[in-house]
Amino acid sequence: MTLSDPSKIQQQLYTRERRGIFRSTEGYDTIAKSSALDPSWIKKVLHPFCVYDAPAQLSARGEKEDAAYPQAMHLFHNDTGQMVLGRSVYRSTDFTGLRSTFFTHNYVIPADRIADIVNQNNSWLDTLYLDSYDIEQGMELAELNGLPTGEQHVAVADPIAWLGSIGMDETRFKQLLFAVMSSVASKRKVYVALDVPIEHITKTATRLLGVLYTCLPYAFRQTLGFITYAKEPQSRKGIHLTFVEQGSLRPNDRNIDKDYTFDLVSQRVTNVDVDFSKQPYLDLAWTNLTQLDRAVDFYRFAEQMLADMDVVRQTAITSYHELAVFYQVEAGNEALYDVNKNAVLMAMLQYLTPAGAITGKKRLNELFMSRFTREFELVKQRQVPELQLVKCLKEYAELPDTDVDKQLIAYLISAIHNAQLDKRKDRAEAFYTLISSQPSLSRAFFDTVLNLGKAHELFEPYIEQQLHAALKAEDVVQLAYNWSSLHPQTLKNAFFVEQAEKQLMSKLRTESDAVAAVTATHHLIDELLERDRDYGNGTLMQKLSYSADLFLLTELNLEQLRKEQLLKIGFLQYPDEVKSWAARFNQQVQSKAAIMLAAYQWFVEHEPDESVFDDLTLSELDQVQQLGRNWLQRDIVPDQFGRLVLAFYCEAPSGTVDYGALLHYLQLNSPDKETLYQFMKWSETQLKFVRSRKLAPAYAAAIVSYFKKHDRDAFKNRANRKAYFEQAGTALKPVYDKARMELSSPLVKFFNRNKKSSLILVTALVVVGGTLLGLQAAGVFAPSSPVVAEQPAEGKQPDTNPLPQPRKEQKPHVFAETVTDKVEGVDKVLTQLVFLVAAEADCAKFDASRIQITFNDGKQLEYKDRKGLSTCKPAAQDQQDSVMPTGEAGHEGEQGQGQGPAEANTNQPANHGAGTPAHNVKLPPSNEEAGNPLSYRITVQLGEQISTADIREVAVGTTIFPFITK
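Residues numbered from 1 in each chain as written. Predicted model: local features only at pLDDT ≥ 70, side-chain atom pairs only at ≥ 80, totals over all residues. Heavy atoms only, no water.

(A) View of the nonpolar core. Of all hydrophobic cores here, the largest spans 233 residues; its most connected members are F298 and F707. With 11 residues, the single largest contributor to this core is helix 27 (residues 587–604). Look past the residues within four positions of F707 in its chain and what remains in contact with it is Y677, M680, R712, A714, F715, F725, Y736, A739 and L743. (Core = buried A, V, L, I, M, F, W, Y, C linked by side-chain atoms within 4.5 Å. Buried < 20%, exposed > 50% of the residue type's maximum accessible area, 1.4 Å probe, protein only. Helix = DSSP H or I, 4+ residues; strand = E, 2+ residues; numbered from the N terminus. Contact = heavy atoms within 4.5 Å.)

(B) A look at the packing of aromatic side chains. For the structure shown, the criterion picks out 61 aromatic pairs. A ring pair is formed by Y52 and Y90, whose centres lie 6.3 Å apart and whose planes are at 40°; its orientation type is tilted. Taken together, the residues span a long stretch of sequence, with Y52 in the loop between helix 1 (39–46) and helix 2 (56–61) and Y90 in strand 4 (residues 83–91) at a distance of 38 residues. Owing to a relative accessible area of 13%, Y90 belongs among the buried residues under this scheme. (Phe/Tyr/Trp six-rings, centres within 6.5 Å; stacked < 30°, edge-to-face > 60°.)

(C) Focus on the pattern of salt bridges. Tallying each qualifying case throughout the model produces 40 salt bridges. Of the charged contacts in the structure, one is a salt bridge between D615 and K579, with a shortest N-O distance of 3.0 Å. On the criterion of sequence distance, the pair formed by D615 in the loop between helix 27 and helix 28 (618–632) and K579 in helix 26 (residues 575–582) is long-range, its members being 36 residues apart. Since its relative accessible area comes to 41%, K579 is described here as partly exposed. Note that D737 is salt-bridged to K733, the shortest N-O span being 3.6 Å. Taken together, the residues span about one helical turn, with D737 and K733 both in helix 34 (residues 733–743) at a distance of four residues. (Salt bridge = Lys/Arg side-chain N within 4 Å of Asp/Glu carboxyl O.)

(D) Layout of the environment of I636. Residue position: I636 is located in the loop between helix 28 and helix 29 (641–645). Each C-alpha atom of the pair I636 and T675 lies 7.9 Å from the other, and the pair is 39 residues apart in sequence. Beyond its immediate sequence surroundings of up to four residues, I636 is in contact with F641, Y665, L666, N669, S670, P671 and T675.

(E) Quick look at unusual backbone geometry. With a phi close to 55°, Q267 is a non-glycine residue in the positive phi region. Summarising the element assignment, Q267 is placed in the loop between strand 10 (260–263) and strand 11 (268–270). The exposure class assigned to Q267 is partly exposed, which follows from its relative accessible area of 34%.

Structure representation (structure tokens):
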């Protein structure tokens, strides 16, 4: 649509005529219009509202008088912003005089004129309309400067009494007002059937609209659309309120079941379920019916408060609930504020938040400040405020153009103090959290607290809680740095410094890797000081750095310390300073420092020697060596041989190394046997193992013992012989030869020890053998008859006395059992080891303080401080049988392999006759029967369940127990 003058009001007329603007034949059409109205816009927007349906009850009685038919006035706002105000009336005859028709007159009002028309007064409801028009006068209508009205509009003198006359009390009117306002903001329509004669519908509806408009804020007046009469309820775009003929609001009508309906004839209202005790605007609107000046003042107040808000907010009924409360509180109604302070303050903040609102909404800002002052007075009277209320005051102080920072800090100090006095720790903590959420507020608050000498009451409890809540040692350092940076006064607060050190130590105690935590702490301190070179004198950071190192010196658990951790301890690089530092503490700390320094030098130096142990006592030396043995057991490679030897360094007549323990350690922990051969080859070049070009006797004996106990087949392997044994030097080769001899058969040993006699014996055997062969060839020896086994007499059992067998020394054994025991009140399956020994003395001295289990793949498990359970008295024979089945007792490592009953039986000589079964042969006696039983049983519970299928052996101290499968 194109308007010639945008400020002018345009007109349009519609009825049945001989011709129209859009058609040349008779029919319904626009018959006249203002020149600026676009034809296509008329068809699209105006024609749908050019309708009239005669009331059913008038049509039924054949009413002929036009005045009896209600006028249908309509108002709607289109998408382009204009407002259309029009009226349709019934006409009993058209231009032919034969048919009834209707006549519609519309005014199109520009958008910028709407507020002036609907906001000032309701005179526009009495606008004059044409009832007929002669097309011979022309089809163009004039543009108007204003709406033509008749007599000056007169408002209802007593709105409340008049509403009662049409069946609307306070509740019903509030329901209708709520429905109309809700309809503007939603798609739900409002339908009203008035309890008045059909002829009076339009007049009554118009007067009711006048009352409603008096209660509508300006934004609603400029949006609401209505029709004063319709035959049936019908949803139309832009129409919110429709007055309909009586009887048209039928119950259960699905077309209107979600809409608001008011059948005042039957007093039936639908879908308006509202708690009117919580509708402050509706209350204000009802009282304003008799106080029109106050109503106008409120609408102006509301318009100003919503001017910078979005359109949705301007037509939301909740906005006017809030504004009604503000307006009445401003007028002195404190009860509306006291009933819900938080909601009122939060709502006020929303209106004061837009840019420029503090100065633009002076009335509301002054109202908020009056609330601030009122709340401050209550706090001064020792009242503890709600957290949400304090949040509102804080958010207000953050708004631009406010200047209440000092008042807010004073308010917070009083609020926290009151909470502490009332033992409301939770509330005090919540206030502190709120303060710390805004850095500028936090800085101003705590600076004020520290400068006013209130640190003991308001700073120290808070900082203690903050440091305690830190998760890690680094968090403590960062927190202490932040506070001392923002508030330099804290550096003079002894409590703050003490708590920072205390909590740092506390967090380090909970770290899974304390050394890594201390290292990270040092790095953080260095980074912080590097970042801020102007940070005081760094005294606090130096104290925290010292506390971290002090923790390592005094509380680090050396038994759980790994080599990698030790090498990361920075202060161990300065042994003299560490010794001087440790001297300030007790002997235990001094001893720990000596151990750490010795271990550090041992593993940090490229080629350490025994001098790293010079300052250690025997007890300290033992602890250091135990650490080293633990660290090296998975790192046994040629490069570490020299370092490993120091783990067995000792001062003894037999040498400076515990050779037996060293080789035993290598045997248990080396990845393969070749590693031991490499060690032996390396040791030949070391002074600790060689004396006068020979191996130290104790070392030589240890090597021989190793081969006899653990590596009996070593010299049978050709690759090993060529790579190691045949390449041995002059010191090592005799030891290998001796070991090889010790491992050879008794016959070979005999020949080697009696070489001259052996030669004579061999010659004699050759001669005798040759003679016997000659005699046999000459037939001197006849073939012998087969020997038939003697059958026992009838009823007599065969002789089952065993053949004499050589006695074997019974070795101790170990096997595993599973047991069920309670752990922390819960039944759990655990593994326990059962050790069988032959002598009471072995049982009595059994020490389970260190048990090492070795598996076939070389993996090891170690258990410390376990207790062996035994009475050291011989067990019952049936118990022995249950724990040591026949065939297992002969299985011991030094013999290489054992025989079970079946194997023993097959090794007995069989002497069969033809068709005669062999005699039964009794097995050799068991170890128990041989007089050397494993009579003593010791059980050791491991505290967990392990897989026992691949266990190779178990070491208890230096004693090796071959493992058997039970």
